[in-house]
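# Observations on the three-dimensional arrangement
Read off the chains here:
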Amino acid sequence: MQADQSILEVNNLTFRYDLRKDDKTLSAVSFSIKEGEWVAIVGDNGSGKSTLARLLVGLLEAESGEVKVAGVQLTEQTKWTIRQQMGLVFQNPENQFIGATVQDDVAFGLENNNVSYQEMKQRVNEAVQLVNMEAFMEHDPSRLSGGQKQRVALAGILAFQPKIIILDEALVMLDPKSRRQVMRTLQQLQDEQGLTIISITHDMNEAAVADRLLVMDKGRLKQDATPATIFMENPHLEAPFAEQLRRKLTAKGSGITSTYMTEDEMVKWLCK
Amino acid sequence: MNKLILGRYFPGNSLIHQLDPRAKLLAAIGFIALLFVAINWQSYLLLIVCALIVMRMSGIAIKMYIRGVRPLIWLILFTVTLQVLFTAGGTIYLDCGPITISKYGLINGVFIFCRFVLIIFISTVVTLTTKPIDLTDGINKLLSPLRFLKVPVDDISLMLTIALRFIPNLLDETQKVMDAQRARGTTFGEGSLVEQMKKLVPIIMPLFVSSLNRAEDMADVMEVRGYQSTRPRTSFRKLAWKKQDTIAIVIMIILTGIIVVLRQLGGYYP
């Protein structure tokens with residue numbers, strides 16, 4: 001049974017902000033995510049991606065439908081235990097900084113969960129190292145750039161050691177180099193610890209790293225497939241860099257394969 | 001905004017900087033209490049000397065402390081004038097109906113002036129040498145006995161921490177909104193008082209709205225990270241009470257003893 005291994009299950013999730021109106025922000029969205037999977041959710045502005053993220057952690061209450069995390073249904077009663085397994089990194093880093101310094105902020109979630117001082121210290125150090133911010137432990141937020149704050153926000157969630165991480169456009173402010181670094185760290189965590197990652201993004205290069213893509217459109221789940229299928233079938237969707245290059249090379253008639261290529265495959269082909 | 005000294009932190013490594021915030025707070029409160037116990041010039045002299053020594057030890061220029069007094073100088077002078085004019089007793093130097101300038105009045109005025117200035121100096125020493133976050137920690141720890149009276153001490157200190165953490169953000173944002181309004185042709189600092197106040201409305205409204213948005217975002221973040229005010233939390237910040245802190249408190253106790261003994265010497269008016 002697939003249901004046994006899926007860590008997150010969403011059934012018929014429907015939501016609207018204004019109950020007086022008929023336009024639903026989300027209508028009957030269903031999908032399931034397996035443990036250790038990296039799923040990217042893409043879609044235009046207003047397609048309901050961020051709303052979906054909020055529903056998954058119980059910040060909003062669905063009109064109908066259910067969310068199950070590791071077999072437990074998300075309700076008003078279970079949301080606190082579920083949040084211990086699920087971390088959400090928001091888009092705006094400014095308003096996510098609660099502690100007075102980097103290390104205080106990373107420790108905030110641990111303090112809330114009554115983690116002992118010794119363990120807290122260790123986990124904070126590890127998490128800060130994962131995002132390469134160890135040189136800034138004592139700094140206060142006003143001395144950090146937007147990208148650095150986003151890395152701290154991510155560290156705050158990583159210190160929590162959740163099973164699922166949801167990134168709601170959480171990497172937009174990073175410069176390309178540190179974004180690549182953070183992505184690599186996340187991939188490593190996915191490989192080694194079976195971390196499940198749900199990344200909501202506009203950046204197709206970020207989406208291309210995912211095992212699976214969910215395409216949202218006007219509150220509906222339009223497509224659920226691998227990046228290869230989706231970029232092949234939707235030529236209007238802005239493709240990741242490797243795919244764009246492949247399309248251009250095809251147009252020039254260079255003899256490249258006519259199927260989707262990941263960045264690694266493209267590099268290999270180019271070096272041939 | 002830069003003129004406001006009270007509430008700012010000056011990084012440094014002096015002995016005063018290294019003291020535990022609890023020790024500093026307790027000593028400052030004790031010192032201020034002593035200012036009201038002292039009733040003769042000998043004790044005031046002693047307290048002034050002590051304050052100057054502490055200020056010197058903090059390694060921060062005396063100029064900074066004087067700048068801290070400046071915003072309050074009119075209030076101080078007003079109070080002192082009232083004291084001088086309306087206290088009767090002793091030799092009278094000037095008599096104009098209800099208004100008299102007497103010896104007691106003058107002495108009283110001098111004492112009140114010293115009190116005010118020393119209160120400002122000592123509290124400035126605390127705020128200049130302690131990080132805001134350490135200060136809130138200290139307040140949290142000192143208030144913690146109130147927990148038994150069901151006072152939400154942790155919530156109060158978290159509120160303080162977040163408030164302090166957002167002051168620079170709000171200042172930045174004010175600047176941004178002002179720039180935006182300037183770009184739309186508003187000139188600040190011109191026109192009549194009413195006009196100037198009217199110009200503040202388009203600054204305060206966006207600030208208010210953005211603060212509300214911020215608060216909402218922040219509440220979401222705190223909830224997702226598992227914050228529940230009803231649940232016990234551990235604390236990542238630890239304060240370490242060292243020998244020097246005990247010494248500071250002992251010095252305060254000795255000082256209290258001396259002031260109390262000096263009080264026996266006699267009252268206000270020599």
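Reading the values: rules and limits
Residues numbered from 1 in each chain as written. Chains lettered and ligands numbered in written order. Predicted model: local features only at pLDDT ≥ 70, side-chain atom pairs only at ≥ 80, totals over all residues. Helix = DSSP H or I, 4+ residues; strand = E, 2+ residues; numbered from the N terminus. Rg over C-alpha atoms; globule rule 2.2 N^0.38 Å. Buried ≥ 20, exposed ≤ 12 C-beta atoms within 10 Å, placed from the backbone. Contact = placed C-beta atoms within 7 Å. Domains from an automatic or database assignment. Nonpolar A, V, L, I, M, F, W, Y, C, P; charged D, E, K, R; others polar.

### A closer look at the overall build of chain B
Of regular secondary structure, chain B possesses ten helices and two strands. Counting helices and strands in the order they occur from the N terminus, chain B gives α-α-α-α-α-β-β-α-α-α-α-α. Since a compact globule built from 270 residues should have a radius of gyration of about 18 Å, the 24 Å found for chain B marks it as more spread out than a globular shape. By its C-alpha atoms, chain B is 65 × 55 × 40 Å across when sized along the principal axes. In chain B, which comprises 270 residues, the share counted as buried stands at 22%. Counting only contacts in chain B whose residues sit at least 6 apart along the sequence, the fraction spanning at least 24 positions is 77%.

### Notes on the domain arrangement of chain A
Residues and elements named next belong to chain A. With domains assigned, chain A is organised as domain 1 (1-85 + 163-235), domain 2 (94-161) and domain 3 (240-272). Its C-alpha centre places domain 1 at a distance of 29 Å from the equivalent point of domain 3. Contact with domain 1, which involves six residues of that partner, is made by six residues of domain 3. Among the secondary structure elements, those contributing two or more residues to the side of domain 1 that touches domain 3 are α8 (204-208) and α9 (227-233).

### Things to note about the domain arrangement of chain B
Segmenting chain B into domains produces domain 1 (15-132 + 239-265) and domain 2 (153-224). With centres defined by C-alpha atoms, the gap from domain 1 of chain B to domain 2 of chain B works out at 35 Å.

### Some thoughts on the interface of chain A and chain B
In this complex, chain A contributes 28 residues to the contact, which on the side of chain B involves 26 residues. Secondary structure elements with two or more residues in the side of chain A that touches chain B: α3 (79-83), α4 (102-112) and α5 (117-130) of chain A. When residues in the side of chain A that touches chain B are grouped by element, the largest group, six residues, is from α4(A). When its residues are assigned to classes, the side of chain A that touches chain B shows 13 nonpolar, eleven polar and four charged.

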